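Close look at the chain arrangement
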Amino acid sequence: MNIATLHYYFPSKEALIRGVVGHAMGRFRTAFAPGSRPGEQLAAQFQGIRRLAKDEPELFVVMGELALRSGRDPAIAAIFQETIEAWHSTLRTLVGHAQSEGFVDKRLDTDTVASLVIATLNGLFMVPVANTASERVDRALGQLESFLGLN
């Protein structure tokens, strides 16, 4: 692709980063088939992450690199903040619905659970996923699912 075409579609660095993050988040959103019940939807999130980590590890590499750069670049940090807030809200809603249906312990705080899930996944995938043992990912996600009462 020539530089003029790139600039036509992405006139600034921020526009390009938003495009990359938007594409990655779209992959994360469509990577799972939502279940019909709230607990199944939450469990499907974990299954989708496992599948993406195995089939599309480059998504995690790119997002990890952008996350690291966000500490040095306020524009990237702002984009990531929006993304994390949207992800947090989605998880909080899924956990709340799963609680109302009896899938997840009602004593758990939905906001804290969403933060814990995000922190765990960020920690697992900050190192390029190619260097992260799939058994480690499976064990960590399995423990989170167990903690939430999904398995």
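Refer to the structure printed above.
In this report, we go over the structure that sits alongside the text. Throughout, residues of each chain are indexed from 1 in the direction in which the sequence is written. Given that the model is predicted, a residue must reach a pLDDT of at least 70 before its local features are reported, and side-chain atom pairs must reach 80 or more before they are shown or counted; all residues, however, enter totals for whole chains, interfaces and linings. With hydrogens and water stripped out, all remaining heavy atoms of the structure feed into the side-chain values.

With that settled, the discussion passes to the pattern of salt bridges. Any Lys or Arg side-chain nitrogen found within 4 Å of a carboxyl oxygen on Asp or Glu counts as a salt bridge. Considering all chains together, one arrives at eight salt bridges under this definition. The salt bridge partner of Lys13 is Asp73, with a shortest N-O separation of 2.4 Å. With Lys13 in helix α2 (residues 13-30) and Asp73 in the loop between α4 (57-70) and α5 (74-100), the pair connects residues that are 60 residues apart, well separated along the chain. A salt bridge links Glu56 to Arg27, with the nearest nitrogen and oxygen atoms 2.5 Å apart. Of the two residues, Glu56 sits in the loop between α3 (38-55) and α4 while Arg27 sits in helix α2, which places them 29 residues apart along the sequence. Each residue's exposure class comes from its accessible area (1.4 Å probe, protein chains only) as a fraction of the maximum for that residue type: buried when under 20%, exposed when over 50%, partly exposed otherwise. Under the relative-accessibility criterion, Glu56 is labelled buried at 18%. Strands are runs of DSSP state E lasting at least 2 residues, helices are runs of H or I lasting at least 4, and numbering of each runs from the N terminus.

With that out of the way, let us pick up a nonpolar patch on the surface. Nonpolar side chains (Val, Leu, Ile, Met, Phe, Trp, Tyr) are joined into patches within 5 Å and like charges within 9 Å, using only residues with over 30% relative accessible area and no salt bridge. Each accessible area value is a Shrake-Rupley result obtained with a 1.4 Å probe; residue values ignore everything except the protein chains displayed when judging cover. Together, Leu16, Val20 and Val62 line one region of the surface with nonpolar side chains, adding up to about 180 Å² of accessible area. Structurally, the position occupied by Leu16 is in helix α2.

So, about the side chain of Asp73. Relative accessible area serves as the criterion here: at 15%, Asp73 is assigned to the buried category. Looking at Asp73, its side chain comes within polar contact range of the side chain of Lys13, at 2.4 Å. For the purposes of these results, a polar contact is taken to be a pair of N or O atoms within 3.5 Å, where, inside protein, one atom must be able to donate a hydrogen and its partner to accept one; residues adjacent in sequence count only when each atom of the pair is a side-chain atom.

Turning to the packing of aromatic side chains, a few remarks are in order. Aromatic pairs are defined between Phe, Tyr and Trp rings, using the six-membered ring for Trp, whenever the two ring centres lie within 6.5 Å; interplanar angles under 30 degrees are classed as stacked, those over 60 as edge-to-face, and all others as tilted. A full pass over the atoms with the stated rule returns two aromatic pairs. Between the aromatic rings of Tyr8 and Tyr9, the centroid separation amounts to 4.9 Å while the plane-to-plane angle is 90°, which identifies the pairing as edge-to-face. Residue classification places Tyr8 among the exposed residues on the basis of a relative accessible area of 63%. What makes Tyr9 exposed here is its relative accessible area of 55%. With centroids separated by 5.4 Å and ring planes inclined at 65°, the aromatic side chains of Phe28 and Phe60 adopt a geometry described as edge-to-face. Residue Phe28 is located in helix α2, and its partner Phe60 is located in helix α4; the two are separated by 32 residues in the primary sequence. Like Phe28, the residue Phe60 is buried in the burial classification.

Our focus in this paragraph is the packing of α3 against helix α7 (residues 134-148). Angles run from 0 to 180 degrees between N-to-C directions of axes, and those axes are lines fitted to C-alpha atoms, restricted for helices to the stretch in contact. Where α3 meets α7, the closest approach of the two axes is 11 Å, and the angle between their N-to-C directions is 175°. Overall, the two elements α3 and α7 adopt an arrangement that is roughly antiparallel. Contacts from Leu42, Ala43, Phe46, Gln47, Ile49 and Arg50 in α3 reach Asp138, Leu141, Gly142, Leu144, Glu145 and Leu148 in α7. For the contact of α3 with α7, the residue count by class is seven nonpolar, two polar and three charged. Reported orientations rely on four angle classes, namely roughly parallel under 35 degrees, roughly antiparallel over 145, roughly perpendicular from 65 to 115, and oblique for the rest. Any pair of residues with heavy atoms lying within 4.5 Å of one another is described as a contacting pair. All residues other than Ala, Val, Leu, Ile, Met, Phe, Trp, Tyr, Cys, Pro, Asp, Glu, Lys and Arg, Gly among them, are scored as polar; the first ten of these are nonpolar and the last four charged.

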